[in-house]
Every structure is written in structure tokens, then in C-alpha cells.
Amino acid sequence: MAAIAFLAILIAIIIFLKNRNLNKRTQELNTVNNLLIIENENHEKTVQNLQEELNKLTQIKTVSEIAASISHEVRNPLTVTRGFTQLLKDGSLSDEQRNQYIKLSLEELDRAERIICDYLNFAKPSIENKEVLHLNNEIEYIVQVINPYATMNSIAVEVNIEDCQYTILGEKQKLHQSLLNIVKNGIEAIEKKGNIIIQLKQCNGKAQLIITDNGKGMSDEQIKNIGTPYFSTKDKGTGLGTMVAFNIIKEMQGEYNIESQIGKGTTFFITFPLVEENSNIKV
Ligand SMILES: Nc1ncnc2c1ncn2[C@@H]1O[C@H](COP(=O)(O)OP(=O)(O)OP(=O)(O)O)[C@@H](O)[C@H]1O
Ligand SMILES: [Mg+2]
């Protein structure tokens, strides 16, 4: 009997000791686990911080690169204008020469202004006054504005809007600027007579805007470069128009795609998410 009692006590002591070891081990494991969790959190934070730093640096780099190029770009028209203004001092100039110098100076000043405006629009981080826009009305407005320029270049602008409500979210002025840049490029790509066709339809629950010109078209290399700062094949082009246009489309959660064939023309496919008419959002 005593032996059984002794055995029972012994077993109890062994179990107790094992349990104590087990508890200790569990405690140790918990501590390690906690340390790993903290380590993991720190790691995630570090990765997040690094990502944020990288984003900031990329932004600063882009903006400062552009700022450097801007000052270079603006200096050219200013130098030219300065030269013409000096020439104007010459009393023996004919009226024709004088008018020509004034015309060129004004053109160059306009160019400088355009570079600065495009830059300011690019540097602004986001669209600030989003509202519900009726894309149909905005396209009608754009056609009105661009028509004199098109007619002057013997180009007809055709509009084809599928009967539907196209309510999207964006900032009116910026949308105008974006689409005008794209349509203006289309007009400039047409060497003699031609036409621009603007279509608006619904596609996969989105508003799809298709702008087609029958101009000179682009090579694959040009399509790759379009939208990058200062890429231009024009004598007086700034190469900022499409960069600004694409930036605005992206800010509006839109997407764009380009199809082009040398000698045949170019088509821009632009889609915007549709929103409810009464979204009434003012961001
Ligand atoms: N519809 C188009 N057809 C053919 N080429 C185009 C078309 N749109 C753009 N491009 C090409 O892309 C280039 C860049 O266009 P972007 O609007 O950025 O600058 P730009 O038109 O040259 O200058 P700016 O807009 O200051 O007048 C153009 O120079 C042209 O070579
Ligand atoms: Mg342009």
C-alpha cells in the first residue's frame, strides 16, 4: 500500500516537473513569438517607410528634372524675344519687318506662357475640385472651341455620340485641357485636308471616348515615347501637351490606349468610370 502511495507521489512529482518544464518552454516560445511579431511589425513599418521615402524621392526627382528643363525651355523664347525687341530699336526698319518681328515676339511669349502653364498643371499633385460632369456636354464645348482652328486648317470635326447619359467625375477645366491637347494634336497631324472623328459610347460599364484622325500616324517608337516630357516631332512643339493630357486622364481614374499607323492616322481610346448622376461629390 505504502509502495503504491510512494509510486503515486513519484508520478505526481514527475508530472509536476514535466508540466513546469512545459510551461517554461511555452513561456519561452511565447516570448520568442512576441519578439517575432514585433520584429515583423518593425520590418513591415520599415518597408512601408522606405516605400514612402522612395515615392517622395521619385516625385521630387521628376519635379526637379522638369523644373530644370522648364527654365531651359523658357529661356529660349525669352532670348528670341529679347533679340527681336532690340532689332525693333532700328529706325530704318520697314513696316513689314517691324510687324514680322512683333508677331514673332508675341508667338514666342505665348510659347513661354504655355510651357509654364503646362508645367504648373503637371506639378499640381491631384485634381482638387472634382464634380459630376456630363461628358456629352463637355465634348460639345470642346468641338465649339476647336472648330475655328480646325476650319482654318481645312479639317472637319465630326461628332458621333451614342444616345446615353455619360456622367463622370472630374474637374471641368482640366478635362477640357486634356481633350483639347489630344484633338489639337490630331489636327496638327493632318498635313492637308482631313477629318477628326470624335465618338462617345458605353463600353463595359464605362464611358469610352474615341478620337480618330486621318493624319500622318506614328511609328511604334513614337507611340512608346508619346506622353514623356519634351518628346516632340514638331519645330515649335513643347512636347508637354500629351504628358499633361495623360496625367489628367489618370487623375480622373481614366485609362487611355493608342492605335496608330504611319500614313493612315491615329486613334486615341479613352475610358472613364461612370458615376451616378446624383453623386454630387465635391472633393
Ligand atoms: N494624333 C497624332 N498623330 C501623330 N502624331 C502625334 C499625334 N499626337 C501626338 N503625336 C506625336 O507626339 C508628339 C508629342 O505630342 P505633344 O502634344 O506632347 O507635344 P507637341 O504636340 O509636339 O507640342 P505642343 O503640344 O506643345 O504643341 C508630337 O510631336 C507628335 O510627334
Ligand atoms: Mg501637342
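For clarity, every value in this text was computed on a predicted model and none was experimentally measured.

Conventions and cut-offs
Residues numbered from 1 in each chain as written. Chains lettered and ligands numbered in written order. Predicted model: local features only at pLDDT ≥ 70, side-chain atom pairs only at ≥ 80, totals over all residues. Helix = DSSP H or I, 4+ residues; strand = E, 2+ residues; numbered from the N terminus. Rg over C-alpha atoms; globule rule 2.2 N^0.38 Å. Buried ≥ 20, exposed ≤ 12 C-beta atoms within 10 Å, placed from the backbone. Contact = placed C-beta atoms within 7 Å. Near = placed C-beta within 6 Å. Nonpolar A, V, L, I, M, F, W, Y, C, P; charged D, E, K, R; others polar. Pairing = 2+ DSSP bridges. Axes fitted to C-alpha atoms, helices over the stretch in contact; angles between N-to-C directions. Domains from an automatic or database assignment.

Check the secondary structure of the chain and you find 6 helices and 7 strands. Here the C-alpha radius of gyration of the chain, 33 Å, is well above what a compact globule of 283 residues would show, namely 19 Å. Within the chain, the proportion of its 283 residues that are buried is 22%. Taking as baseline every contact in the chain between residues at least 6 positions apart, the subset at least 24 positions apart corresponds to 75%.

Taken together, 23 residues are adjacent to ligand 1, and N185, A189, S232, G237 and G241 come closest. Looking at the shell around ligand 1, the elements with two or more residues in it are helix 4 (172–189) and helix 6 (241–251). Sorting elements by how many residues they give to the shell around ligand 1 places helix 4 first, with 4 residues. Partitioned by chemical class, the residues of the shell around ligand 1 number 6 nonpolar, 14 polar and 3 charged.

It is worth spelling out the sheet that holds strand 4 (residues 194–203) at this point. Spatially, the 5 strands line up as an open sheet ordered 2-4-5-7-6, and their pairing is mixed. What marks the edges here is a single partner per strand, and that holds for strand 2 (155–161) and strand 6 (255–261). Along the sheet, successive strands turn relative to each other by an average axial angle of 15 degrees, direction set aside. Of the strand pairs in this sheet, strand 6 and strand 7 (residues 265–273) are connected by 7 bridges, and their pairing is antiparallel. Paired with Q261 across the strands is G265, a residue of strand 7. Sitting on the sheet, helix 3 (residues 135–152) is in contact with strand 2, strand 4, strand 5 (206–213) and strand 7, with an inclination near 170 degrees to strand 2.

Before going further, it helps to examine the domain arrangement of the chain. Each assigned domain of the chain is listed here: domain 1 (1–123) and domain 2 (131–279). The gap between the C-alpha centroids of domain 1 and domain 2 is 31 Å. Contacts between the two partners involve 9 residues from domain 1 and, on the opposite side, 9 residues from domain 2. Counting only elements with at least two residues in the side of domain 1 that touches domain 2, the list comes to helix 1 (2–88) and helix 2 (95–123). Tallied by class, the residues present in the side of domain 1 that touches domain 2 amount to 3 nonpolar, 2 polar and 4 charged.

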